[in-house]
Amino acid sequence: MQCCDCSDRNRRRWTSFLKSLAGATGDLSSLTAPSWILAPFSLTEFPSYWGEPKEMFAAIADGKTPEERQLLVTRWFLSTLSGQFTRREKETGSEKKPFNPFLGEQFLGSWDGGDLVLNVEQVSHHPPITAYSLENKKKGISLEGNCAQKTSFSARMISVKQVGHGLLRVKLADGSTETYLITLPKLKIEGLWTGKPYVELTETSYIQGSHGLTSTIKYSGAGWVSGTSHTHTTTITSGPGGPTLYTLTGTWTGETKFHKPSKDGKEGHVFLDASVDGMREKVTVRPIEEQGEHESRRAWKAVAEGILSGDYDAASQAKSALENAERQRRRDEQAAGKTFELRLFDKVPNDPEYKRLAHALKFKVRLGPWSALSFGRTSR
Ligand code: HCR
């Protein structure tokens, strides 16, 4: 129970923050968020959510047929969502704003002593784009992706369009590679006026396999009057809009079951229980003292400590110092006629693999200047 003074203070600071949102346009990263709304980590840490259900990621390689693998990729994808979109709310009671990464910021981590390896780099600051790769070499599976966010504000909520995609590759026993294009759902941040923001997913995302099978994931939430939060209906079809092989319904935070129509009498069987403890394991990173200067937790250490200890003045000062140093670095580069060189990723403009699979989705995914851009792990 909060005392009157605290809840009044909370209400006042939220109201004034929401008023400042009303005037904002397009890009949340450009909004100077007050320290009390900040999460103590950077957006570069978010790709680790893709690797947390590590067993499900590895299991994709065990699928014997394209159909089995499409189901396994879909199961792994769904099992990442509760980490990606409800973790902060679960752990702290409300969604928070992660740090806006600086250009070249890295987040490096692994699971199981390096069986699964994550590399993340902030490859653009304006617009902010994060590129990542996740690889399980032993199993022959990798995911390369990038993500940016376009934001719009309304009186009740913040709507976020995720711009970017993932390409998952599986090496098959015959030496060939199967590829899956993963598109990203839109999200809404609700609960702003009660001071407890949380994420709900909306509209549709897709997983398009190079073998021609398509998973179409439709998201819905509780709505004003009725309905269940975090719900999805997923169909697996032969191509977008083709005959349905499987229908899966449930919540991406809890149980998903096979529904009609589904092959092999699977109706009613549990496909995934995303709430099972221990299904997701947090990434391991090197101790901060051993990290490089571009590594996220080392670079943001003082800011994170300020937030965690409630010393918001110290957090603000450390954040300004970091941001000013970055601005100065860009000015110095410009004066020297240099441009910043990415360290971990190479740009792959108009990636043909992305285009081929986006084309198979019958251009439901628009080929915009940023969405057609992929980032591949550099061979340097
Ligand atoms: C929108 C968001 C930053 C971006 C986060 C993304 C889209 C990042 C890529 C991940 O793969 C998935 C993902 C999950 C997060 O839910 C999403 C964040 C939710 C909130 C945060 C805003 C910038 C914070 C706004 C501040 C609020 C509390 C007013």
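Residues numbered from 1 in each chain as written. Predicted model: local features only at pLDDT ≥ 70, side-chain atom pairs only at ≥ 80, totals over all residues. Heavy atoms only, no water.

In the annotation of an unreviewed UniProt entry, the entry for the protein reads Oxysterol-binding protein, and the organism field reads Rhodotorula diobovata. Under the Sequence similarities (unreviewed entry) heading, UniProt states for the protein: "Belongs to the OSBP family." (UniProt positions renumbered as here; feature names shortened; annotations may be inferred.)

Participant: Sorry, what's going on with the pattern of salt bridges here?
Facilitator: Any two side chains of opposite charge can pair if their charged atoms end up close together. For the structure on display, the rule yields 23 salt bridges. Asp62 is paired through a salt bridge with Lys139; the nearest N and O atoms lie 2.9 Å apart. Here the residue Asp62 occupies a position in the loop between α3 (54–59) and α4 (66–92), and Lys139 occupies one in the loop between β5 (129–136) and β6 (141–153), the gap between them amounting to 77 residues. Judged by relative accessible area, Asp62 falls into the partly exposed class, the value being 40%. The salt bridge involving Glu295 is made with Arg286; its shortest N-O contact spans 2.3 Å. Of the residues examined, Arg286 reaches a relative accessible area of 40% and is grouped as partly exposed. Here the residues in one salt-bridge network are Lys54, Glu55, Asp112 and Glu281, joined through shared partners. (Salt bridge = Lys/Arg side-chain N within 4 Å of Asp/Glu carboxyl O. Helix = DSSP H or I, 4+ residues; strand = E, 2+ residues; numbered from the N terminus. Buried < 20%, exposed > 50% of the residue type's maximum accessible area, 1.4 Å probe, protein only.)

Participant: Even after reading the chapter, I still don't get the packing of aromatic side chains, so can you show me in this structure?
Facilitator: Describing an aromatic ring pair means giving the distance of the ring centres and the angle of the ring planes. Under the counting rule described, the total for this entry stands at 10 aromatic pairs. Centre to centre, the rings of Phe46 and Tyr49 are 5.5 Å apart; their planes meet at 90°, and the pair counts as edge-to-face. Since its relative accessible area comes to 16%, Phe46 is described here as buried. Each ring, one from Phe99 and one from Trp300, has its centre 4.4 Å from the other, and the planes form 25°; the classification is stacked. Of this pair, Phe99 sits in strand β2 (residues 97–99) while Trp300 sits in the loop between α5 (296–299) and α6 (301–309), and the two are 201 residues apart along the sequence. You can call Trp300 buried: its relative accessible area is 2%. (Phe/Tyr/Trp six-rings, centres within 6.5 Å; stacked < 30°, edge-to-face > 60°.)

Participant: Help me understand the packing of α6 against helix α7 (residues 312–335), please; the structure alone is not making it clear to me.
Facilitator: When two helices pack together, their arrangement is given by the angle between the helix axes and by the axis-to-axis distance. At a closest axis distance of 7 Å, the pairing of α6 and α7 adopts a crossing angle of 160°. Between α6 and α7, the angle is such that the two are roughly antiparallel. Judged by the twist between their axes, the crossing of α6 over α7 is left-handed. Judged by residue contacts, Ala302, Val303, Gly306 and Ile307 of α6 engage Tyr312, Ala315, Ala318 and Lys319 from α7. In terms of residue class, the contact of α6 with α7 is built from six nonpolar, one polar and one charged. (Axes fitted to C-alpha atoms, helices over the stretch in contact; angles between N-to-C directions. Parallel < 35°, antiparallel > 145°, perpendicular 65-115°, else oblique. Left-handed = near helix turned anticlockwise from the far one by under 90°. Contact = heavy atoms within 4.5 Å. Nonpolar A, V, L, I, M, F, W, Y, C, P; charged D, E, K, R; others polar.)

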